[in-house]
Amino acid sequence: MITALTILAIAWVPIITAAKLWYDLRLWFNREIKGTSNKTVQHKAEWLIVAITTSPAVYQLSTQTALPWYCSITLSALMCAIFIWVLFDGLYNLFRGYHWWYTGSVDADDATTDKLLRKYGTAAHVIKYAAFVATIIFYIKYYTA
């Protein structure tokens with residue numbers, strides 16, 4: 001049976017993603033549309049904050065599998081990280097008027113993931129989504145309700 005804490009953990013990841021999305025869209029709007037800011041996204045620092053704020057959800061999700069703790073935490077962390085990456089990238093693009101698969105303009109402050117997606121194109125997107133699906137399938141396989 002799924003617990004209330006597990007439901008909260010599942011809900012927490014999209015909530016953190018929405019907060020990160022709102023913050024980055026606000027920066028983009030102020031810089032690109034209004035021209036009132038020159039602040040750029042600090043990718044490493046901001047994603048560290050995302051990792052820290054999602055760690056309770058990762059922990060809770062990891063306690064719900066039949067895997068050894070080190071495998072369970074790794075799987076749960078990967079699943080959450082890739083979920084955030086997929087959802088954030090796609091929605092960020094859509095809200096800015098681009099298509100879901102857009103990998104950003106070529107700017108000095110581009111994320112490393114954008115650079116990898118541009119460099120390897122379709123193959124990188126296939127790997128990204130395959131990893132997304134694989135982590136979910138493995139999590140479901142080892143989930144112990």
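Residues numbered from 1 in each chain as written. Predicted model: local features only at pLDDT ≥ 70, side-chain atom pairs only at ≥ 80, totals over all residues. Heavy atoms only, no water.

**Q** Would you explain the side chain of Ser 72 in this entry?
**A** Following the sequence through the fold, Ser 72 ends up in helix H3 (residues 69–95). The residues contacting Ser 72, other than those within four sequence positions of it, are Ser 62, Thr 63, Thr 65 and Leu 67. (Helix = DSSP H or I, 4+ residues; strand = E, 2+ residues; numbered from the N terminus. Contact = heavy atoms within 4.5 Å.)

**Q** Sorry if this is basic, but what is going on with the nonpolar core here?
**A** Note on soluble globular proteins: their nonpolar side chains tend to be buried together. By size, the foremost hydrophobic cluster in this structure holds twelve residues: Ala 9, Val 13, Ile 16, Val 50, Ala 57, Val 58, Leu 61, Leu 75, Met 79, Cys 80, Ile 84 and Tyr 139. Looking at this core, the elements with two or more residues in it are helix H1 (4–33), helix H2 (43–62) and H3. Tyr 139 has contacts with Leu 61, Gln 64, Thr 65, Leu 75, Ser 76 and Met 79, leaving out every residue within four places of it along the chain. Membership of the second largest hydrophobic core comes to five residues, among which are Leu 21, Trp 28, Phe 88 and Tyr 92. (Core = buried A, V, L, I, M, F, W, Y, C linked by side-chain atoms within 4.5 Å. Buried < 20%, exposed > 50% of the residue type's maximum accessible area, 1.4 Å probe, protein only.)

**Q** Can you help me understand H3 in this one?
**A** Structurally, the α-helix is built with 3.6 residues per turn, so residues lying three or four positions apart point the same way. Spanning 27 residues, H3 covers 38 Å between terminal C-alpha atoms, matching the ideal 39 Å at 1.5 Å per step. Immediately beyond the C-terminal end of H3, within one or two residues, lies Gly 97, with a positive phi of roughly 95°. (Expected span 1.5 Å × (residues − 1).)

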